[in-house]
Amino acid sequence: MRIWLDGTLRDDHDAKVSVLDHGLTVGDGVFETVKAQDGTLFALTRHLDRLTRSARGLGLPDPDLDEVRRACAAVVAEHPVPLGRLRITYTGGLSPLGSERGDSGPTLTVAIGETVRRPDTTAVITVPWVRNERSAVAGLKTTSYAENVVALARAHGEGASEALFANTVGQLCEGTGSNVFVVLDGELYTPPLASGCLAGITRALAVEWTGAKEADLPFDALERAEEVFLTSTLRDVQAVHRVDGRTLAAPGPVTGKAMRIFEERAASDIDP
């Protein structure tokens, strides 16, 4: 595999970042996952806009988006996989041990890995831990992902592919790497960004294309919802057939329509 690291493509065994990189020592970094399909990248402009927003939220310099685009194009040209996960990582760079940053500048890496299409339906669980909607990094896509790793491991241990969080005031928030939509009394809803959830690219497109409403939702809305679905870069729109021990018909009519709309709109515009 060839990986972009700080300005050039390198073989994977030569693409090395210092053990003193701030992204490794304290999780001081941001990232994006972009869907690569047959040599093209979906919604790249939206992903790069969010990369910049996340970097600013951490106080990192704005990434050079021209360089990021060159890096993405170079990596995809080397590995034009049928379906892939392209990962852009942008960190605080070489720094002293501790929370303060050094002055060497950020580190940029771009890599890609082949993946397979997700199943049309999946199972999720709820977890007792919460998202802090008032956190300094709420809504930012940072490399500080440990709580997601813990929650996702619990989900896998219970035969599910995702774990869903409430926020500190007991409202439905998001999954470890996805946004969540619910159907209540025939209407489609998703938590607002004020809940602390990530401003998901697929979430935003799903809201625009389906007319879903943003609303504060109690966490127990999952117990009453007629339908539930997840959105993310590699899930697109994915129906949920089980929440904890509760089984749902999936995909239901609202979810099925959302899946069709998303697939058709995404196919017609690679960079919406």
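The sections below set out a description of the structure shown in this document. (Residues numbered from 1 in each chain as written. Predicted model: local features only at pLDDT ≥ 70, side-chain atom pairs only at ≥ 80, totals over all residues. Heavy atoms only, no water.)

## Thoughts on the overall build of the protein chain
A tally of regular secondary structure across the protein chain gives seven helices and 15 strands. Taken over C-alpha atoms, the radius of gyration comes to 19 Å for the protein chain, in line with the 19 Å a tight globule of 272 residues would show. Viewed in the frame of its principal axes, the protein chain has a C-alpha envelope of about 55 × 40 × 30 Å. Relative to its 272 residues, the protein chain shows a buried fraction of 49%. A separation of at least 24 residues holds for 69% of the contacts in the protein chain among residues at least 6 apart in sequence. Distance between charge centroids for the protein chain: 2 Å, based on 28 positive and 38 negative side chains. (Helix = DSSP H or I, 4+ residues; strand = E, 2+ residues; numbered from the N terminus. Rg over C-alpha atoms; globule rule 2.2 N^0.38 Å. Buried < 20%, exposed > 50% of the residue type's maximum accessible area, 1.4 Å probe, protein only. Contact = heavy atoms within 4.5 Å. Lys, Arg positive; Asp, Glu negative; His and termini not counted. Charge placed at Lys NZ, Arg CZ, Asp CG, Glu CD.)

## Observations regarding unusual backbone geometry
Following alanine 250, the chain continues to proline 251 via a peptide bond in cis, the omega torsion being -5 degrees. Along the chain, proline 251 falls in the loop between strand E15 (246-247) and helix H7 (253-268). Even without being glycine, alanine 43 reaches a positive phi, approximately 55 degrees. With respect to the secondary-structure elements, alanine 43 resides in the loop between strand E4 (40-41) and helix H2 (44-58). The residue aspartate 236 is not glycine, and still its phi comes out positive at about 55 degrees. Counting through the fold element by element, aspartate 236 comes out in strand E14 (residues 236-243). The exposure class assigned to aspartate 236 is buried, which follows from its relative accessible area of 19%.

## Details of empty space enclosed by the protein
Throughout the structure, instances matching the rule amount to one cavity of 30 Å³ or more. As a volume, the largest cavity reaches approximately 40 Å³. What lines the largest cavity is Lys35, Phe42, His47, Ile201, Thr202, Thr233, Asp236 and Phe262. In the lining of the largest cavity, the residues fall into three nonpolar, three polar and two charged. (1 Å grid on protein atoms, 1.4 Å probe; cavity = no way out; pocket = protein on both sides within 12 Å on 5 of 7 lines; lining within 4 Å. Points joined across faces, edges and corners; volume = space filled by probe spheres on them. Nonpolar A, V, L, I, M, F, W, Y, C, P; charged D, E, K, R; others polar.)

## Some words on the state of the cysteines
By the definition in use, this model includes zero disulfides. For cysteine 173, which is in no disulfide, the shortest distance to another cysteine sulfur is to cysteine 197 and amounts to 5.4 Å. Take cysteine 197: its relative accessible area is 3%, and that puts it in the buried class. (Disulfide = S-S within 2.5 Å.)

Function-wise, these values are silent; they only describe arrangement.
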